[in-house]
Every structure is written in C-alpha cells, then in structure tokens.
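The chain contents come next:
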Amino acid sequence: MLVLAHISDLHLDGTARARERAERVRDRLWALPGSVDALLVTGDIADHGAEAEYEEAARILGLGEADTPFPVLTCPGNHDSRAPYRKALLGQPAADGPVNSAHVFDEGAVLMCDSSIPGRDEGALCEETYDWIEATLDELDGSLPALLAFHHPPVALHHPLPDSYQLGDPGRLAALLERRPEIAGLITGHAHTPAASVFAGRPLMVGPGVTWTLRLPWEGEQIADRDAPVGLAFHVLDDDGRLTTHFRVVM
C-alpha cells in the first residue's frame, strides 16, 4: 500500500507564528516511528508569493537535503507565485507556466497539479495541465492507480469563503475521471478544514490548514480559528485501489 502524509496552507509570511506552526507539524512527521512514502503539500505554501517565503519553506521542509526522511511533493495555491516558487522552493529556473510534477511509486502514482490562476483566488486546471495529466496517465498505461493532488476543491464545502473560490469548470474534471478509471481519488487543500467528500464517483479528501482552521457557519461568526491545533492527514491507497484517510492534530 501507498501511505502519504498531507499538509496544506502553511501561509509562511516571515512571522514567528507561521514558522512555528509549520515547524511543529514538520517535527511530528520527521519523528514518526514508521516512515511514510511521501509528504504532499497542497498549496498556499507562501502567503505573499515572495522568494524569501519559499526559501523559508525549503529550509523547514528540508527540500534539497539528503537526510529528509521521505520525498516532499508540492503544488501551488492561489497565494503562491510560480516564478519565485520554482526558483527558491524547487531550485529550478524561474518561469511562469503551470507547476506540475508526477511521482511514481511501486504501489501507485501521485500527480501534483497546478490549479492556480496567477493573480486570482479561484482555481482552474488549464489546458496545458489537462494535456500533461492525460500524457502522464498514458505513459503509465493503467498499470498503477493514480491520485490527483491540487489546491482548489471542485465541490462546495458549505462555507461561503472557500465556496466562492472553487476549482472552475468541474465538468471537465468529471469527464477526465470518467475516461480514466485508474484515478483512485483527489486530494486538495485551500479550505483550511479537514473534509471528506465525493466528486464524480471518486473520493475527495481536503487537507486541514496549517496556519489556521476554518470555522463553519454553525460554529460561530468568526471565520478563522487561529488557536486551533495544526492539522495533518494520512492517506492510504491500498492494494485494491481504495483510498482511506486519517486526520490528526498536532498540539
């Protein structure tokens, strides 16, 4: 089986508070007595898209370091900026195209997809990204179950804030899933709340936010619970292609 840790929405902004919360969840993951196969970080890594924020993220997440206990896989969110993201976080030449990456394990594949629209809060998978997903799945030839990870959920989560900035054109994504039975599930962030739903017949798992937790309408008028503990998720893709998720908090 494939075991994936998952965090989202670090919103690193140069403050001690944001850094401490990111380091707290990092320390929990790095100290696990049993290793996971990878850590997924689904966007809004930086708060302002500044190069210094990505340099801090790279230090915290051990990107480029040989002693990191497992691969760290990332994708951008609406607060991220592609050129400094590539340069400071990934060590790649600065460029403004979508940041997509495929990662193949013995038990499955993870496609980290860019759903950001530069300068906008809502999301979309662009033509280039859809073409890349199709080509990547063609190369795998249905030999492995695959997970798609990106920032913006394609469904309503029943809070006006995240529901105002969903993934656009969900019908196109649904059509992709219909054509591609090897896609076992979707993993997203953005909403700052741990959530589980279904989209086009596939499980949709939304990771909790590291920086703060969304209060739902029936939990109070204040939107952001900044005192809530840091959250993370563990996704398990088993040998039958079934996705199971466990949510945890880090005090």
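Okay, so let's go over this structure. (Residues numbered from 1 in each chain as written. Predicted model: local features only at pLDDT ≥ 70, side-chain atom pairs only at ≥ 80, totals over all residues. Heavy atoms only, no water.)

1. Considerations on the pattern of salt bridges
Tallying each qualifying case throughout the model produces 13 salt bridges. Residue E20 is joined to R24 by a salt bridge in which the shortest nitrogen-to-oxygen separation is 2.8 Å. You can see E20 and its partner R24 sitting in helix α1 (residues 16-30), four residues apart, about one turn around the helix. Taking the relative accessible area as the measure of exposure, E20 reaches 36% and is therefore partly exposed. E182 is the partner of R180 in a salt bridge, and the nearest nitrogen-oxygen pair spans 3.3 Å. (Salt bridge = Lys/Arg side-chain N within 4 Å of Asp/Glu carboxyl O. Helix = DSSP H or I, 4+ residues; strand = E, 2+ residues; numbered from the N terminus. Buried < 20%, exposed > 50% of the residue type's maximum accessible area, 1.4 Å probe, protein only.)

2. Some details on α1
Between its terminal C-alpha atoms α1 stretches 20 Å, which fits the 21 Å expected from 15 residues at 1.5 Å a residue. Within α1, burial applies to A18, R21, A22, R24, V25, R26 and L29. Tucked inside the fold, the buried residues of α1 contact β1 (2-7), β2 (38-42), α2 (51-61), β12 (230-237) and β13 (243-250). (Expected span 1.5 Å × (residues − 1). Contact = heavy atoms within 4.5 Å.)

3. Observations regarding the packing of aromatic side chains
Considering all chains together, one arrives at two aromatic pairs under this definition. Ring geometry for Y54 and Y85: centres 5.5 Å apart, planes at 70 degrees, overall edge-to-face. Residue Y54 is found in helix α2, and its partner Y85 is found in helix α3 (residues 82-89); the two are separated by 31 residues along the sequence. Residue Y54 is classed as buried on the basis of its relative accessible area, which comes to 0%. Taking relative accessible area as the criterion, Y85 reaches 0% and is therefore assigned buried. (Phe/Tyr/Trp six-rings, centres within 6.5 Å; stacked < 30°, edge-to-face > 60°.)

4. Details of unusual backbone geometry
One non-glycine residue, D9, adopts positive backbone phi at about 55 degrees. Looking at where D9 falls in the secondary structure, it is placed in the loop between β1 and α1. If you check the backbone angles, H190 has positive phi at about 75 degrees while not being a glycine. Considering the arrangement of structural elements, one finds H190 in the loop between β7 (183-188) and β8 (195-199).

5. Overview of α3
Side chains that are three or four residues apart share a direction in an α-helix, a result of its 3.6 residues per turn. Most of α3 sits out of view: seven of its eight residues are buried. Those residues of α3 lying buried are R82, A83, P84, Y85, R86, A88 and L89. Packing partners of the buried residues in α3 comprise α2 and β3 (72-75).

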